[in-house]
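Each chain is listed here by its residues.
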Amino acid sequence: MQEIRKKLKEVFGYDSFRGNQEPVIQNILAGRNTFVIMPTGAGKSMCYQMPAILRPGTAVVISPLIALMKNQVDQMNAVGINARFLNSTMSRTEINKLKKAVLAGDVKLLYVAPESLTKEENIEFLKQANISFAAIDEAHCISEWGHDFRPEYRRIKSIIDMLGDLPIIALTATATPKVQLDIQRNLQMESADVFKSSFNRENLYYEVRPKKSIKKQLIKFMRENKGKSGIIYCLSRKKVEEIANFLQVNGFSARPYHAGFDPDVRIKNQDDFLNEEVDVIVATIAFGMGIDKPDVRFVIHYDVPKSLEGYYQETGRAGRDGLEGQCIMFYSYSDILKLEKFNKDKPVTEKENSKILLDEMSFYAESTVCRRKQLLHYFGEEYDDTACKETGMCDNCRYQRETFEGKDFVKIAIEAVKQTDERFGLGHLVSVIRGSHNQYIKSYKHDKLPIFGAGAKEDESFWKSIVRQTMLYEFITKDIENIGVLKMSEKGYKFLKNPTSIKLSKDHDFSDVDADDDESNEPSAAQSAGQSFDPVLFDLLKAEQRKMAKQHNLPPYAIVQEPSLQEMATTYPTTKEALANVNGIGMGKVQKFGDSFLKLINKYVEDNDIDIEDVVVIKSSGAKSKNKIYIIQQIDRKIDLEEVAEVKGWSMEELLDEMEIICFSGTKLNLDYYLEQIMDDDFLSDIMDYFMNAESDDIQLALDEFADEDITSEDLRLIRIKFHSEHAN
Ligand code: ADP
């Protein structure tokens with residue numbers, strides 16, 4: 001071992017091995033089959049890299065991701081170890097060169113993609129080489145019960161067998177007991193030595209929040225965590241783009257990432273995140289594989305993930321440096337239903353499998369049991385939640401939950417498993433307990449059991465939760481062989497003999513979280529202002545607007561428009577930046593009229609003790625002109641408006657909409673060059689006079705006023721822009 005540690009220092013520069021690395025390496029060196037389960041970031045690669053360096057011959061490493069393969073090969077070459085890869089992206093010449101090097105015994109590690117491994121000519125070549133052992137990375141891909149099943153993985157063992165009697169090391173960062181068994185069976189290594197590290201990540205804080213007013217919650221969270229590095233996961237590419245845009249509009253440094261972008265854009269966004277040019281990456285799950293950024297401070301799941309394995313992997317990217325890592329998931333049951341719908345066309349077994357994974361997901365979200373206990377239980381680890389309770393490192397441990405004495409309920413749940421001979425799953429057990437008279441129950445004569453109907457008073461979701469909690473406390477366990485079936489445990493038998501007091505907790509009630517309680521009915525600032533502004537402040541602002549109008553000799557609407565006043569009375573902007581963020585007000589207007597409004601709002605906030613930190617301002621991206629720069633440039637260059645519209649494929653109406661957004665947010669647009677061409681000066685100044693003296697700048701009223709003249713509403717809108725640009729901005 002002395003020798004090996006010397007090598008560790010010499011090649012990698014590390015002083016000591018981590019966790020199970022040392023016994024794992026020894027095991028492989030002794031030629032034994034080895035199964036390694038280690039959380040992401042714990043250092044799995046070292047487990048096969050070191051024996052590859054030490055054993056004579058070439059180690060074959062099977063790895064599913066070509067990009068990661070290249071990374072690893074580069075890293076090994078950088079420390080002077082000859083590693084190569086073999087995959088489908090290579091040319092014939094490259095492959096021939098590689099084969100020569102391997103056959104000459106020059107290569108220590110050969111990374112192979114599973115689909116290349118199954119090719120006849122590659123098998124022939126590997127047969128001739130001196131292979132030291134086979135490593136199977138991401139071994140959970142073997143199992144259909146995992147979250148990343150790859151059929152080619154199922155052929156690996158038969159191919160390795162063709163290469164001789166090689167020791168195998170299988171590695172994964174995610175394996176439920178079921179998946180673990182599947183891997184060992186498929187690789188015919190049931191008697192392999194298993195090295196399983198704890199999956200507990202003590203520094204991660206887990207929380208599930210109802211997916212309600214989600215944008216508001218998101219902005220509030222982002223404000224509280226401004227400047228920190230984070231990942232926000234969404235399910236669809238569309239959502240990724242929308243949320244990244246939404247965050248940008250609201251002043252946060254965020255970029256989107258999904259597989260649909262050009263590689264250039266993807267790489268740039270990823271690199272900018274890694275190099276801290278941007279704080280937040282909004283991504284589909286395509287992002288993160290192989291990303292080793294140590295200081296990710298939060299991982300948010302905007303949508304419910306498809307499985308707890310996936311969830312655990314993704315949250316695992318937070319706090320790799322052992323410091324703060326917040327993992328927040330937004331949950332609504334309708335997200336689960338949506339995901340079920342996506343699975344509709346899948347083959348039956350796959351569909352059932354996905355459904356079981358989703359059920360686990362929703363149970364996790366709705367349960368009030370310690371999150372850590374649940375997650376670790378899922379990966380087959382028993383966890384005493386005292387530590388989490390003391391430190392409050394999950395929402396269920398941090399906040400007081402309603403508990404009740406569960407002794408009698410637990411007894412019923414265990415009895416139900418026992419009396420039905422340990423052959424049924426959650427749904428059926430609950431039906432038996434509740435005394436449902438369905439066909440299934442009749443055919444098994446379960447309506448004759450003493451336990452039948454013992455829990456008829458409580459509803460289905462109550463009993464589902466009881467059975468789940470009975471599982472979490474290990475009184476009953478999952479049957480690994482038969483998915484979905486629940487069995488008795490030693491602990492369960494003991495409990496039946498001598499029942500003791502046990503505290504259970506009520507599930508969270510997510511029933512009022514609506515299917516589409518997201519952006520679609522999220523009021524924009526202006527809308528919400530319309531519904532719920534502060535009427536007292538609004539009246540004060542209105543009075544101020546009138547006062548200023550008199551001072552400047554302008555109509556009140558030229559100072560600020562009413563919807564903007566309403567928004568101010570909702571969001572309480574107390575700084576120039578915040579005021580400029582209000583729809584219809586830009587920096588231009590703030591400079592011109594902002595001071596007295598700000599003074600008024602600041603005084604009001606102070607007098608009335610309003611905590612503006614609690615007031616979450618949301619700007620919807622719709623209110624900003626997407627083409628602001630283009631339009632301003634064209635107008636500066638005095639380009640005909642018809643031409644400006646045509647280049648973009650807009651109607652004049654659409655161009656006017658965009659120009660109004662720009663102008664009403666306080667930017668001057670000088671349209672004189674255009675207006676000169678379309679009307680005579682006298683008429684123009686008549687209309688300007690009209691706007692100066694009118695009560696409102698409503699276009700219909702202006703049209704009525706000039707009904708006898710030859711003027712269109714488009715012309716009037718242009719003049720209104722001129723008016724606002726000259727007097728209001
Ligand atoms: P995994 O594959 O388990 O996610 P990696 O193999 O990528 O993890 O290793 C994670 C990081 O830990 C890498 O940066 C690696 O260089 C580092 N590492 C591995 N073993 C050691 C060790 N014994 N001492 C210090 N750092 C190590």
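Treat the numbers as computed from the prediction; the structure is a model and nothing was measured.

Criteria and thresholds
Residues numbered from 1 in each chain as written. Predicted model: local features only at pLDDT ≥ 70, side-chain atom pairs only at ≥ 80, totals over all residues. Heavy atoms only, no water. Near = heavy atom within 4 Å. Polar contact = N/O pair within 3.5 Å; in protein donor to acceptor, adjacent residues only side chain to side chain. Areas by Shrake-Rupley, 256 points an atom, 1.4 Å probe, with all protein chains shown as cover. Helix = DSSP H or I, 4+ residues; strand = E, 2+ residues; numbered from the N terminus. Nonpolar A, V, L, I, M, F, W, Y, C, P; charged D, E, K, R; others polar. Buried < 20%, exposed > 50% of the residue type's maximum accessible area, 1.4 Å probe, protein only. Pairing = 2+ DSSP bridges. Contact = heavy atoms within 4.5 Å. Domains from an automatic or database assignment. Axes fitted to C-alpha atoms, helices over the stretch in contact; angles between N-to-C directions. Parallel < 35°, antiparallel > 145°, perpendicular 65-115°, else oblique. Left-handed = near helix turned anticlockwise from the far one by under 90°. Core = buried A, V, L, I, M, F, W, Y, C linked by side-chain atoms within 4.5 Å. Phe/Tyr/Trp six-rings, centres within 6.5 Å; stacked < 30°, edge-to-face > 60°. Lys NZ or Arg CZ within 6 Å of the ring centre and 35° of its normal.

Caption draft 1: Representation of the site of the ligand. Taken together, the neighbourhood of the ligand is formed by 14 residues, with Y14, S16, G41, K44 and S45 sitting nearest. Within the side chain of R18, an N or O atom sits 3.1 Å from an oxygen atom of the ligand. Its free accessible area being 570 Å², the ligand has 73% of it covered by the protein chains. By residue number, the principal contributor to the shell around the ligand is helix α3 (residues 44-54), which donates three residues. For the shell around the ligand, a count of residues per class yields five nonpolar, six polar and three charged.

Caption draft 2: Quick look at the pairing of strand β1 (residues 34-37). What you see with β1 is no split at all: T34 and V36 on one side and F35 and I37 on the other are buried throughout. Sheet topology places β1 next to strand β6 (residues 168-172); four bridges connect them, and they run parallel. The partner of F35 across the bridge, within β6, is A170. As paired strands, β1 and strand β7 (residues 193-196) are joined by four bridges and run parallel to one another. Along β7, the bridge assignment pairs T34 with D193.

Caption draft 3: Geometry of helix α2 (residues 21-29). Here α2 has its buried residues at Q21, E22, V24, I25, N27 and I28. The secondary structure elements touched by the buried residues of α2 are α1 (2-12), β1, α3, β5 (131-136), β6 and β7. In the stretch just after α2, G31 is the one whose phi turns positive, near 80°.

Caption draft 4: Structural view of the domain arrangement of the protein. Once the domains are mapped, the protein shows domain 1 (2-196), domain 2 (204-398), domain 3 (403-505), domain 4 (525-614) and domain 5 (628-728). A separation of 60 Å is found between the C-alpha centroids of domain 3 and domain 4.

Caption draft 5: Structural view of the packing of helix α5 (residues 92-103) against helix α7 (residues 120-128). At a closest axis distance of 9 Å, the pairing of α5 and α7 adopts a crossing angle of 20°. In terms of orientation, α5 lies roughly parallel with respect to α7. α5 and α7 meet at a crossing whose hand is right-handed. On α7, the residues touching R92, K99, V102 and L103 of α5 are E121, N122, F125 and Q128. Residues belonging to the contact of α5 with α7 are distributed by class as follows: three nonpolar, two polar and three charged.

Caption draft 6: Summary view of the side chain of N203. Its place among the elements puts N203 in the loop between β7 and β8 (204-210). Overall, the relative accessible area of 17% leaves N203 in the buried class. Here L323 takes part through its backbone oxygen, which lies 2.7 Å from a polar atom of the side chain of N203.

Caption draft 7: Examining the environment of S725 more closely. In this structure, S725 sits in helix α36 (residues 713-728). Along the primary structure S725 and C663 are separated by 62 residues, whereas in three dimensions their C-alpha atoms are 6.7 Å apart. Setting aside anything within four residues of it in sequence, one finds S725 in contact with C663, T667, K668 and L669.

Caption draft 8: Quick look at the sheet that holds strand β12 (residues 298-301). Taken in spatial order, the six strands line up as β8-β13-β12-β9-β11-β10 in an open sheet, and their pairing is parallel. Looking at the sheet topology across the chains shown, the edges are occupied by β8 and β10 (254-257). Between one strand and the next, the sheet's axes are offset by a mean angle of 15°, whatever the strand orientation. Where strand β9 (residues 230-233) lies against β12, four bridges are found, and the strand directions are parallel.

Caption draft 9: The sheet that holds β5, seen in detail. One open sheet accounts for seven strands, arranged β3-β4-β2-β5-β6-β1-β7; its pairing is parallel. Lying at the two open borders of the sheet, with one neighbouring strand each, are β3 (83-86) and β7. Each strand axis lies, on average, 20° off the axis of its neighbour in the sheet, ignoring direction. Of the strand pairs in this sheet, strand β2 (residues 58-62) and β5 are connected by four bridges, and their pairing is parallel. Bridge pairing in β5 links V60 to A134. The strands that α3 touches are β2, β4 (109-112), β5 and β6; relative to β6, the one it contacts most, it runs at about 160°.

Caption draft 10: A look at the side chain of K99. Mapped onto the secondary structure, K99 falls in helix α5. The exposure class of K99 is buried, given its relative accessible area of 13%. Once you skip the residues sitting within four places of it in the chain, K99 turns out to touch E121, N122 and F125.

Caption draft 11: Expanded view of the nonpolar core. With 102 residues, the main nonpolar core has I232 and L247 as its most contacted residues. Lining this core are residues from two domains, each supplying at least three of them: domain 1 (2-196) and domain 2 (204-398). Once residues lying within four places of it in the same chain are set aside, the contact partners of L247 are L218, I219, M222, I232, F252, A254 and V282. Of all hydrophobic cores here, the second largest spans 64 residues; its members include F597, L655, F683 and L718.

Caption draft 12: Structural context of the packing of aromatic side chains. Counted by the stated rule, this structure contains 24 aromatic pairs. Judged by centre distance (5.1 Å) and plane angle (55°), the rings of Y312 and F379 are tilted. On the criterion of sequence distance, the pair formed by Y312 in helix α13 (residues 308-315) and F379 in the loop between α16 (371-378) and α17 (386-391) is long-range, its members being 67 residues apart. Here Y312 matches F379 in class, with each residue buried. Considering the side-chain rings of F683 and F706, the 6.1 Å spacing of their centres and the 85° angle between planes classify their relative orientation as edge-to-face. With F683 in helix α34 (residues 681-693) and F706 in the loop between α35 (699-705) and α36, this residue pair connects regions lying 23 residues apart in the sequence. Note on F683: relative accessible area 15%, which makes it buried. A relative accessible area of 11% places F706 in the buried class. Members of the aromatic cluster, joined through ring pairs, are Y557, F683, Y690, F691, F706 and F723. Lying over the aromatic face of F199, K196 brings its terminal NZ or CZ to 6.0 Å of the ring centre.

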